[in-house]
Amino acid sequence: MTTFDAMVAEFRQKNAADERNAAHEVMQQIALAGLSRGGFFEKAAFYGGTCLRLLHGMRRFSEDMDFSLLKPDLGFRFEDYFPAVVEEFGSRDQDEAQGAALGDRERVPQGVV
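To keep things clear, this report deals only with the structure shown in the data block. Because the structure is a prediction, the values reported are computed rather than measured.

Oppositely charged side chains can pair when the atoms bearing their charge come close. Following the criterion strictly, the structure yields 5 salt bridges and no others. A salt bridge links Arg37 to Glu88; the nearest nitrogen and oxygen atoms lie 2.7 Å apart. You can see Arg37 sitting in helix α2 (residues 16–37) and its partner Glu88 sitting in helix α4 (residues 82–91), a full 51 residues away along the chain. The exposure class assigned to Glu88 is buried, which follows from its relative accessible area of 5%.

The next thing to look at is the nonpolar core. Counting residues in each nonpolar core, the largest one holds 15 residues, and the members touching the most others are Phe4, Val8, Val26, Ile30 and Phe89. Those elements giving two or more residues to this core turn out to be α1 (3–9), α2 and α4. Top element by residues in this core is α2. It accounts for 7 residues.

What follows deals with the pairing of strand β1 (residues 44–47). Only one face of β1 is covered, namely the face carrying Ala44 and Phe46; the face carrying Ala45 and Tyr47 is uncovered. Alignment of β1 against strand β2 (residues 66–69), held across 4 bridges, turns out to be antiparallel. Residue pairing for β2: Ala45 is matched across the bridge by Ser68.

This part covers the packing of α2 against helix α3 (residues 49–56). When two helices pack together, their arrangement is given by the angle between the helix axes and by the axis-to-axis distance. Viewed as axis vectors pointing N to C, α2 and α3 meet at an angle of 90°, and their least axial separation amounts to 12 Å. Put simply, α2 runs roughly perpendicular to α3. For the pair formed by α2 and α3, the contact residues are Glu25, Gln28, Gln29 and Leu32 on the first element and Thr50, Arg53 and Leu54 on the second. A class-by-class count of the residues in the contact of α2 with α3 yields 2 nonpolar, 3 polar and 2 charged.

Another aspect to go through is the environment of Thr2. Residue placement: Thr2 occurs in the segment before α1. You can call Thr2 buried: its relative accessible area is 9%. In terms of polar contacts, Thr2 uses its side chain to reach the backbone amide nitrogen of Asp5, at 3.0 Å.

Here is what the cut-offs are and how they apply
Residues numbered from 1 in each chain as written. Predicted model: local features only at pLDDT ≥ 70, side-chain atom pairs only at ≥ 80, totals over all residues. Heavy atoms only, no water. Salt bridge = Lys/Arg side-chain N within 4 Å of Asp/Glu carboxyl O. Helix = DSSP H or I, 4+ residues; strand = E, 2+ residues; numbered from the N terminus. Buried < 20%, exposed > 50% of the residue type's maximum accessible area, 1.4 Å probe, protein only. Core = buried A, V, L, I, M, F, W, Y, C linked by side-chain atoms within 4.5 Å. Pairing = 2+ DSSP bridges. Axes fitted to C-alpha atoms, helices over the stretch in contact; angles between N-to-C directions. Parallel < 35°, antiparallel > 145°, perpendicular 65-115°, else oblique. Contact = heavy atoms within 4.5 Å. Nonpolar A, V, L, I, M, F, W, Y, C, P; charged D, E, K, R; others polar. Polar contact = N/O pair within 3.5 Å; in protein donor to acceptor, adjacent residues only side chain to side chain.

Have a look at this one:
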């Protein structure tokens, strides 16, 4: 069992939709960890429905992740943080687990979050 699989298994899953939602939530957690390790949150804030669910335990399902710069920065490039996110996914055995959790038709191209 990969680290990713173990994280997904922590969620109560009754059916395929629950498994898909658990995989999405784990991927959101891993992406946020990568952004954090990459220094993203020194320049930006995480807010919205997903933030309320993940950080404050609100019982609400949201798939998108909302971010806002803390102050205007014309030179800011979100792409600069992709390597940290990709590295975080790799450290969780995500590349191997992604296809099994979501099915090949939903596989995210490597380097895209």
